[in-house]
Amino acid sequence: MGGYRGRILRVNLTDKCIKTEGLKLELAKKFLGGRGLAGKMFTEEVPTEVDAFSPENKVFIAAGTLTGTKAPTSGRFMVVTKSPLNGTLAASNSGGFWGPQLKFAGYDMVVLEGKADAPVYLSIEDDKVEIKDAAHIWGKDVYETTSILKAEFGDDQAKVLTIGPAGENLSFMASVMNDLYRAAGRNGVGAVLGSKNIKAIIVRGTGRVEHAEPNALNEVLTDVLNKIQENGVTSQGLPTYGTAILVNIMNENGVYPVNNFQESYNENADELSGETMTEKYLVKKESCYRCPIACGRYCDWEEGEGGGPEYESVWVFGSNCGVQDYQAIHQANDLCNRFGLDTISVGVTIATGMELFQRGYIKTEELEGTPLEFGHAQGMVEWIRKIAYREGLGAKMALGSYRLAKGYGAAELSMSVKKQELPACDPRGVQGQGLSYATSNRGGCHVRGYSIPPEILGTAEKPDRFSIKGKAKTVKASQDLSAVIDSVGLCLFSSFALGLSDYKKLINAITGFDYTDEELLACGERVWNNERLHNLRIGYTKADDTLPKRFLKEPIPSGPSKGHVHRIEELLPEYYTVRGWTPDGVPSSEHLNALGM
């Protein structure tokens, strides 16, 4: 069997029981691996009504079908659980090298059940798996924990996945970190590990992942690597400037949010661009496992050095908080890495707090001396620490922007969908991306279906970004393909250069399966519908497939996208039709039967 290792590691933290079980190959053929397979197992094993912090909730840490293989960008894995932020089926993606090490150790997935009676960590060295005391690392930040565990393990090839103080303190925005700077950032998955008293998992594997058809794979690899090298985004833009190359591009299109999405154009955006980062702060480029793109940045700044901020982090701690200080952005990003916090949700929550203060909802005495106003760089940085340790107003912020704003009677000031904060694109100026936001199964998200390549970058035939024509169909296709890519353990950035047929050829050569394009895309559609069914069971409805009122009623006030609003009410009926759902957004039994669900 190629790609898969054929084993799942199941760890019950309550009774300290560790066992391995075989992978259900037929289920894997339908749902692939990673997000898809773990998500399906979650819906089969975890009761709908379970609270995210209950011992009955489970965490599925799943490598993809191709993770750890020769496929380019095959370093991804997923953390799947019930989200404390919004109850959705959280599937948070990370890269680096931890996922491949899990595969090398002989496992496709680790399932965490129950709750330890005291802080513990898991040590995996091939077949040697141990639950160990974590008292000495509980309370430590991500960097300290990683250093201590690697020194104790005694093998520099071992990789560490850990939560920080934010996860221990059950922040709804806590991430799971690995390899120091890589993050399974969204949906509060780090808090679920914290609720189970599990601090970290260190893994070292000495095995390898087999490839079913090596000769065929070599031909496919030559083809896909050539495509990656010939594509301007994957061979020049991202390697040279990192993801922050998007700063100027998005700003020039007037969809670069400022001051909690009150504006969408920053005349000084270039000061915070990827070009500026490269010129002033870049030390070296970094890549994940088998990645020819190397979009990662290692930077230095006045107060330190380490993993540089991604595009979303540059935006959220910069323009969205009204801050024009790259030093402060580096510092904010570094603190989120140390504390184990999702930069998008934290930054948007701080910006929401700034607008609440701006409009008089939050009073000066509540701030206890820490500034909370647009443009105050060091105030922004200090709020990150307060959120991580739930100090003062930071305790309210730790629950996310929606609960923060709703607590002051102003929920409309939270720029979120299904209680999860939106990323760095104003949907009023990109209709397809707005539809993707509104219908995302995990709440506000840009990687569940990414419309920026066609609508902004023009990587295919460039459509009118203000038009709604054909957007329902293209968004649905993008969502299904993204589900495939997530489930096989590849990076979404590979899709700038590769298409469905390329992924099919890689998967077939490595696994020995014989998917057609249509059958492979159906796997992604099953993943999407499985997640949708979970959301419906916990109470989400058509009414939740929407955007904040600001985007529907308030036209963009200035810049290249001036005067536009989002037209979600016109798009949604067509989207449901394309999906094979009822007018109320419920997957029809006929469609589910056609998918074999």
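Going by the structure above, here's the rest.
In this report, we go over the structure that sits alongside the text. Small disclaimer: the values here were computed from a predicted structure and weren't measured. (Residues numbered from 1 in each chain as written. Predicted model: local features only at pLDDT ≥ 70, side-chain atom pairs only at ≥ 80, totals over all residues. Heavy atoms only, no water.)

## Details of the overall build of the protein
Here is step 1 of the chain: Counting secondary structure elements, the protein contains 24 helices and 17 strands.
Here is step 2 of the chain: Against the compact-globule benchmark of 25 Å for 597 residues, the protein has a radius of gyration of 22 Å, which places it among compact chains.
Here is step 3 of the chain: Across its three principal directions, the C-alpha atoms of the protein cover 60 × 55 × 50 Å.
Here is step 4 of the chain: Taking all 597 residues of the protein together, 64% fall into the buried category.
Here is step 5 of the chain: Counting every atom, the protein has about 20,200 Å² of accessible surface; 47% of that belongs to carbon and sulfur. (Helix = DSSP H or I, 4+ residues; strand = E, 2+ residues; numbered from the N terminus. Rg over C-alpha atoms; globule rule 2.2 N^0.38 Å. Buried < 20%, exposed > 50% of the residue type's maximum accessible area, 1.4 Å probe, protein only. Areas by Shrake-Rupley, 256 points an atom, 1.4 Å probe, with all protein chains shown as cover.)

## Here we look at the packing of helix H19 (residues 471-488) against helix H21 (residues 517-537)
Here is step 1 of the chain: Where H19 meets H21, the axes come as close as 8 Å, and the angle between the chain directions of the two elements is 95°. Put simply, H19 runs roughly perpendicular to H21. Here H19 contributes Lys476, Ala477, Gln479, Asp480, Leu481, Ala483, Val484 and Ser487 to the contact with H21, which in turn contributes Leu520, Leu521, Gly524, Glu525, Val527 and Trp528.
Here is step 2 of the chain: Across the contact of H19 with H21, the residue classes break down as 8 nonpolar, 3 polar and 3 charged. (Axes fitted to C-alpha atoms, helices over the stretch in contact; angles between N-to-C directions. Parallel < 35°, antiparallel > 145°, perpendicular 65-115°, else oblique. Contact = heavy atoms within 4.5 Å. Nonpolar A, V, L, I, M, F, W, Y, C, P; charged D, E, K, R; others polar.)

## Points about the sheet that holds strand S13 (residues 282-286)
The pairing of strands in a sheet happens through backbone hydrogen bonds and is either parallel or antiparallel.
Here is step 1 of the chain: Strand order across the open sheet formed by 3 strands is S13-S14-S15, with antiparallel pairing between neighbours. Edge positions in the open sheet fall to S13 and strand S15 (304-307), since each of these has one partner strand only. When strand polarity is set aside, the average angle formed by the axes of neighbouring strands in this sheet is 15°.
Here is step 2 of the chain: As judged from the 4 bridges shared by S13 and strand S14 (residues 296-301), these two strands associate in the antiparallel manner. When the sheet's bridge partners are listed, Glu286 is paired in S14 with Gly296.
Here is step 3 of the chain: Against the sheet, helix H12 (residues 326-339) touches S14 and S15, its axis set at about 115° to S14. (Pairing = 2+ DSSP bridges.)

## Focus on the environment of Leu413
Here is step 1 of the chain: Its place among the elements puts Leu413 in the loop between helix H16 (401-407) and strand S16 (416-417).
Here is step 2 of the chain: On a C-alpha basis, the gap between Leu413 and Leu122 in space is 41 Å, while along the polypeptide they are 291 residues apart.
Here is step 3 of the chain: Setting aside residues up to four positions removed in sequence, Leu413 forms contacts with Asn260, Thr352, Glu355, Leu356, Arg359, Tyr361 and Arg550.

## So, the nonpolar core
Here is step 1 of the chain: By size, the foremost hydrophobic cluster in this structure holds 81 residues, and its most contacted members are Leu341, Ile350, Met380 and Ile384.
Here is step 2 of the chain: Beyond its immediate sequence surroundings of up to four residues, Ile350 is in contact with Cys321, Leu372, Met380, Trp383, Ile384 and Ile387.
Here is step 3 of the chain: Among the nonpolar cores identified, the runner-up in size contains 53 residues, and Tyr4, Leu37, Tyr503 and Ile510 belong to it. (Core = buried A, V, L, I, M, F, W, Y, C linked by side-chain atoms within 4.5 Å.)

## A closer look at the packing of aromatic side chains
Here is step 1 of the chain: In this structure the tally under the stated criterion is 18 aromatic pairs.
Here is step 2 of the chain: With a centroid separation of 5.3 Å and an interplanar angle of 75°, the aromatic rings of Phe261 and Phe551 are classed as edge-to-face. Linking Phe261 in the loop between helix H9 (246-252) and helix H10 (274-280) with Phe551 in helix H22 (residues 549-553), this pair joins segments that are 290 residues apart in sequence.
Here is step 3 of the chain: Relative accessible area serves as the criterion here: at 0%, Phe261 is assigned to the buried category.
Here is step 4 of the chain: Taken together, the aromatic side chains of Tyr4, Phe513 and Tyr515 make up a single cluster linked through ring pairs.
Here is step 5 of the chain: One cation-aromatic arrangement involves Lys284 over Tyr298; the distance from NZ or CZ to the ring centre is 5.2 Å.
Here is step 6 of the chain: The side chain of Lys386 reaches across the aromatic face of Trp383, ending 5.6 Å from its centre. (Phe/Tyr/Trp six-rings, centres within 6.5 Å; stacked < 30°, edge-to-face > 60°. Lys NZ or Arg CZ within 6 Å of the ring centre and 35° of its normal.)

## Section: the sheet that holds strand S5 (residues 89-94)
Here is step 1 of the chain: Taken together, 6 strands build an open sheet; the order of strands is S2-S1-S6-S3-S4-S5 and the sheet is mixed. In this open sheet, the two edge strands, each paired with only one partner strand, are strand S2 (17-22) and S5. For this sheet, the mean angle separating the axes of adjacent strands, direction not counted, is 15°.
Here is step 2 of the chain: Relative to S2, strand S1 (residues 7-12) runs antiparallel, the two being bridged by 6 bridges.

## Here we look at the packing of helix H2 (residues 34-45) against H21
Here is step 1 of the chain: At their nearest, the axes of H2 and H21 sit 9 Å apart, and the two run at 35° to each other. For the pair H2 and H21, the crossing hand works out as left-handed. Across the interface between the two elements, Arg35, Gly36, Gly39, Lys40, Phe42 and Thr43 of H2 pack against Val527, Trp528, Asn530, Glu531, His534 and Arg537 of H21.
Here is step 2 of the chain: Residues that form the contact of H2 with H21 fall into these classes: 3 nonpolar, 5 polar and 4 charged. (Left-handed = near helix turned anticlockwise from the far one by under 90°.)

## Some details on the pattern of salt bridges
Here is step 1 of the chain: According to the stated counting rule, one finds 37 salt bridges in the structure shown.
Here is step 2 of the chain: For Asp342, the salt bridge identified is with Arg186, shortest N-O distance 3.0 Å. Here the residue Asp342 occupies a position in the loop between H12 and helix H13 (343-358), and Arg186 occupies one in the loop between strand S11 (182-184) and helix H6 (189-195), the gap between them amounting to 156 residues.
Here is step 3 of the chain: For Arg579, the salt bridge is made with Asp480, and the minimal N-O distance between the two is 3.0 Å. With Arg579 in helix H23 (residues 568-579) and Asp480 in helix H19, this pair connects stretches of sequence that are 99 residues apart. Accessibility classification places Arg579 together with Asp480 in one group, the buried group. (Salt bridge = Lys/Arg side-chain N within 4 Å of Asp/Glu carboxyl O.)

## Observations concerning unusual backbone geometry
Here is step 1 of the chain: Even without glycine at this site, Lys16 takes up a positive phi of about 60°.
Here is step 2 of the chain: Turning to its location among the elements, Lys16 is positioned in the loop between S1 and S2.
Here is step 3 of the chain: On the accessibility criterion, Lys16 (47% relative accessible area) is partly exposed.
Here is step 4 of the chain: A positive phi is found at Lys418, a non-glycine position, where the angle reads about 50°.
Here is step 5 of the chain: Note that Lys418 resides in the loop between S16 and strand S17 (420-421).

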